[in-house]
Amino acid sequence: MNQHFDQYSPRDHQTWGTLFTRQTLNLQDKACRHYLDCLETLTPDLQARQIPRFTGLDQRLKEATGWSIEVVPGLIPVGEFFDLLSRRRFCSSTWIRSPKQLDYLEEPDMFHDIYGHVPLLMHSEYARFMERFGQIGKAFAGHPEAESQLERLYWFTIEFGLILEDGAPKILGAGILSSYGESVQIFNSPIEVRPFHIDEVLSHSFRKDVMQTTYYALESIDQLADSLDRVEQRLALVCAAV
Ligand SMILES: [Fe+2]
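From a predicted model like this one, the values you see are computed outputs, not experimental measurements. (Residues numbered from 1 in each chain as written. Predicted model: local features only at pLDDT ≥ 70, side-chain atom pairs only at ≥ 80, totals over all residues. Heavy atoms only, no water.)

Digging into the packing of aromatic side chains
- Scanning the entire structure with this criterion turns up 15 aromatic pairs.
- By the ring-pair criterion, three or more aromatic residues cluster together here, those being Trp 16, Phe 20, Tyr 35, Phe 111 and Tyr 115.
- Between the NZ or CZ atom of Arg 22 and the centre of the ring of Tyr 180, over which it lies, the distance is 4.3 Å. (Phe/Tyr/Trp six-rings, centres within 6.5 Å; stacked < 30°, edge-to-face > 60°. Lys NZ or Arg CZ within 6 Å of the ring centre and 35° of its normal.)

Here's the deal with the coordination of the iron ion
- Binding of the iron ion to the protein goes through His 112 (NE2), His 117 (NE2) and Glu 159 (OE), at separations of 2.0 to 2.1 Å.
- A relative accessible area of 11% means that His 112 is categorised as buried.
- In this structure His 117 comes out as buried when scored by relative accessible area, which is 4%. (Donors = N, O, S within 2.8 Å, 3.2 Å for Na, K, Ca; no water. Buried < 20%, exposed > 50% of the residue type's maximum accessible area, 1.4 Å probe, protein only.)

Overview of the packing of helix H4 (residues 78-86) against helix H6 (residues 124-140)
- Contact geometry of H4 with H6 gives a least axis separation of 7 Å together with a crossing angle of 140 degrees. Here H4 is positioned oblique relative to H6, judged by the angle of their axes. Where H4 crosses over H6, the handedness of that crossing is left-handed. Within the contact between the two elements, H4 uses Phe 82, Asp 83, Leu 85 and Ser 86 and H6 uses Met 130, Glu 131, Phe 133, Gly 134, Gln 135, Gly 137 and Lys 138.
- Looking at the contact of H4 with H6, its residues break down into four nonpolar, four polar and three charged. (Axes fitted to C-alpha atoms, helices over the stretch in contact; angles between N-to-C directions. Helix = DSSP H or I, 4+ residues; strand = E, 2+ residues; numbered from the N terminus. Parallel < 35°, antiparallel > 145°, perpendicular 65-115°, else oblique. Left-handed = near helix turned anticlockwise from the far one by under 90°. Contact = heavy atoms within 4.5 Å. Nonpolar A, V, L, I, M, F, W, Y, C, P; charged D, E, K, R; others polar.)

Some points on the environment of Leu 224
- By secondary structure assignment, the location of Leu 224 is in helix H11 (residues 221-241).
- For the pair Leu 224 and Ile 158, spaced 66 residues apart in sequence, the C-alpha to C-alpha distance is 9.9 Å.
- Leaving out residues up to four positions away in the same chain, Leu 224 has contacts with Phe 129, Thr 157, Phe 196 and Leu 218.

Structure below.
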C-alpha cells in the first residue's frame with residue numbers, strides 16, 4: 001500500500017500543521033531529549049508546513065537506522081505486526097483526523113503513528129530495541145499469555161513510557177507524545193510514576209479506555225534494550241508451562 005499523497009486536502013494539511021505546531025511547542029519541556037533531538041533531525045521531512053511524504057521519511061530512516069514505514073489499512077494481526085518490526089518496518093496509517101478530533105481519537109491516525117512513533121526510530125539503540133522486540137514477538141506469537149505480556153511491555157514503554165532525565169520523568173511513549181491532553185495532564189495531576197522494572201511491567205494489566213494513572217520511568221534506553229533478555233527468559237517459561 002502507498003500513501004497517495006495527492007489525495008490529502010488543504011484542510012488535511014492544515015489539521016496536521018495545527019497538531020504539529022501545538023504539540024511541538026507543548027513538548028519542549030516535557031518530552032525526553034532523545035525524542036526532541038530526533039524530531040529536529042527529521043526536519044524538513046517532518047514539519048508543520050504539510051503532511052510528511054513517507055518517501056522522504058523512509059529515506060532519512062533508512063540512512064540512519066535501516067527502518068522504513070509500512071502503510072497498513074488499520075489494525076493488523078499481531079503476528080504480522082511482529083514480523084514487520086523484526087524487519088525494521090513500522091506500521092502506519094495514512095489518514096489524518098478531522099479538525100473536530102484534535103483532542104480525541106478512537107483509533108490511531110497518522111499523527112499518532114508518524115509524529116508519535118517515527119522520530120525515535122532514528123535513535124540507534126531504540127531502533128535495535130524495536131527490531132528485537134519484533135523478533136521475540138515472532139518467536140512467541142500464538143501463545144496468548146506471551147502475547148499479552150509483550151503487549152504490556154509495549155504499552156508501558158513504547159506507547160506510555162517515561163524516561164528519567166536528571167532525575168525528572170520525561171515523555172518517551174508515542175501515545176503521550178502525540179496527545180496534547182495526556183502530555184499536559186501527566187505533569188498536572190497526581191499520577192503514580194514507578195521505576196521501570198521488567199517483571200512488574202510484564203505482570204501489570206492495563207485498560208485502554210481510560211487515561212493512565214500509573215506510568216513507568218526508565219533510567220535509559222539501554223535499560224529498555226537490556227530488559228529483553230529477561231523478557232525472552234520469562235516467555236520461554238510461560239510457554240513451557242502451557
Ligand atoms: Fe502507537
